[in-house]
Amino acid sequence: MSEAIIRPIQKKDNEQIATVIRKVLIDLGVPRVGTAYADKALDFMYEAYNKEKAVYFVVEENDQIIGGAGIAQLDNYEGNVCELQKMYFLEEARGRGIGSAMMKKCIEKATAFGFDQCYLETMTYMDAAQKLYKNSGFKLLDGPLGDTGHFSCPVQMLKTL
């Protein structure tokens with residue numbers, strides 16, 4: 001088994017990462033409405049993150065995409081806040097420290113982009129994800145910032161960079 005590599009998304013990864021994200025969301029029982037599942041950008045991730053102060057990383061192992069995560073300006077929000085977006089990993093990527101490595105890479109990039117804070121939204125039952133977020137310095141909020149369109153995600157967190 002080869003080692004998992006975290007690298008910036010390429011155009012050729014679009015189909016694979018969309019499939020990975022949808023599979024993880026379905027496996028975890030996430031609603032298809034009001035979550036990342038319904039995002040138009042899901043099928044065009046390379047293009048969606050090919051802009052200033054945005055990046056999306058994929059995890060590649062044995063020529064297969066097994067996860068990903070990105071950083072971009074928080075939608076419909078005035079402050080200098082980015083959002084950790086579409087951080088999902090297939091089962092074979094979990095429990096191996098890949099999430100922690102991805103988080104580190106995303107936070108480093110958010111800091112390099114000059115953002116003041118990083119925001120995220122998740123589901124109440126995503127315990128492993130919330131543990132990773134809390135261990136990375138994210139704190140629970142009382143409600144959403146901006147308007148991501150993810151009205152089905154009841155947990156919001158924020159980290160000062």
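In case you missed it, the structure is sitting above this.
Asks: Sorry if this is basic, but what is going on with the overall build of the chain here?
Replies: Secondary structure assignment for the chain yields 4 helices and 7 strands. When its helices and strands are written in sequence order, the chain yields β-α-α-β-β-β-α-β-α-β-β. The C-alpha radius of gyration of the chain comes to 14 Å, within 12% of the 15 Å expected for a compact globule of 161 residues. When its C-alpha atoms are laid out on the principal axes, the chain stretches across 40 × 35 × 30 Å. Of the contacts made within the chain by residues no fewer than 6 positions apart, 66% connect residues no fewer than 24 positions apart.

Asks: Could you clarify how one ought to interpret the sheet that holds strand β2 (residues 55-61) in this entry?
Replies: Two strands in a sheet stick together by hydrogen bonds in their backbones, pointing the same way (parallel) or opposite ways (antiparallel). Ordered by their spatial adjacency, 7 strands build an open sheet running β1-β2-β3-β4-β5-β7-β6, and the pairing between neighbours is mixed. Looking at which strands have only one partner, the edges of the open sheet turn out to be β1 (5-8) and β6 (139-140). Bridge analysis of β2 against strand β3 (residues 64-73) gives 7 bridges, and the strand direction is antiparallel. Paired with Glu-60 across the strands is Ile-65, a residue of β3. The sheet strands contacting helix α1 (residues 14-27) are β2, β3 and β4 (81-89), and the helix crosses β3 at an angle near 90 degrees. Against the sheet, helix α3 (residues 98-112) contacts β1, β2, β3, β4, β5 (117-122) and β7 (155-160), and its axis sits at roughly 160 degrees relative to β4.

Asks: Where do I start with the pattern of salt bridges in this structure?
Replies: Close approach of charged atoms allows side chains of opposite charge to pair. According to the stated counting rule, one finds 8 salt bridges in the structure shown. A salt bridge links Asp-13 to Lys-12; the shortest N-O distance between them is 3.9 Å. On the basis of relative accessible area, Asp-13 is assigned to the buried category, the value being 2%. One salt bridge connects Arg-22 with Asp-43, and the closest N-O pair in it is separated by 2.9 Å. Here Arg-22 is found in helix α1, whereas its partner Asp-43 is found in the loop between α1 and α2 (45-48), with 21 residues between them in sequence.

Asks: Whenever I open this one, the packing of aromatic side chains confuses me. Can you help?
Replies: When we look at a pair of aromatic rings, we describe it by the centre distance and by the angle of the planes. For the coordinates displayed, the defined rule picks out 3 aromatic pairs. On the basis of an interplanar angle of 85 degrees and a centroid distance of 6.4 Å, the ring pair of Phe-113 and Phe-115 is categorised as edge-to-face. Look at Phe-115 and you get buried, because its relative accessible area is 5%. One residue, Lys-53, lies across the ring of Phe-115, its end atom 4.5 Å from the ring centre.

Asks: What is the right way to read the nonpolar core from this model?
Replies: Inside soluble globular proteins, nonpolar side chains tend to come together where they are buried. Counting 49 residues, the largest nonpolar core has Ile-17, Ile-71, Leu-84, Met-87 and Tyr-133 as its most contacted members. Looking at this core, the elements that each hand over two or more residues are α1, β2, β3, β4, α3, β5, α4 (127-135) and β7. If one sorts the elements of this core by residue count, α3 sits on top with 6 residues. Excluding its chain neighbours within four sequence positions, the residues that come into contact with Leu-84 are Gly-70, Ile-71, Met-103, Cys-106, Cys-118, Tyr-119, Leu-120 and Tyr-133. Counting residues in hydrophobic clusters, the runner-up holds 5 residues, among them Leu-74, Tyr-119, Leu-145 and Leu-158.

Asks: Help me out: how do you make sense of the pairing of β2 in this one?
Replies: On a regular strand, each side chain points to the face opposite its neighbour's, so the side chains alternate between the two faces of the sheet. Where burial is concerned, most of β2 is hidden: 7 out of the 7 residues are buried. Burial along β2 is two-sided: the face carrying Val-55, Phe-57, Val-59 and Glu-61 and the face carrying Tyr-56, Val-58 and Glu-60 are both buried. Note: β1 against β2, 4 bridges, orientation antiparallel. Looking across to β2, one finds that Arg-7 is bridged to Val-58. A loop of 2 residues connects β2 with β3, the two strands running antiparallel in sequence, and Asn-62 in this loop sits at a positive phi of about 50 degrees.

Here is what the cut-offs are and how they apply
- Residues numbered from 1 in each chain as written.
- Predicted model: local features only at pLDDT ≥ 70, side-chain atom pairs only at ≥ 80, totals over all residues.
- Heavy atoms only, no water.
- Helix = DSSP H or I, 4+ residues; strand = E, 2+ residues; numbered from the N terminus.
- Rg over C-alpha atoms; globule rule 2.2 N^0.38 Å.
- Contact = heavy atoms within 4.5 Å.
- Pairing = 2+ DSSP bridges.
- Axes fitted to C-alpha atoms, helices over the stretch in contact; angles between N-to-C directions.
- Salt bridge = Lys/Arg side-chain N within 4 Å of Asp/Glu carboxyl O.
- Buried < 20%, exposed > 50% of the residue type's maximum accessible area, 1.4 Å probe, protein only.
- Phe/Tyr/Trp six-rings, centres within 6.5 Å; stacked < 30°, edge-to-face > 60°.
- Lys NZ or Arg CZ within 6 Å of the ring centre and 35° of its normal.
- Core = buried A, V, L, I, M, F, W, Y, C linked by side-chain atoms within 4.5 Å.

Everything listed here is a matter of coordinates, which is why it stays silent on function.
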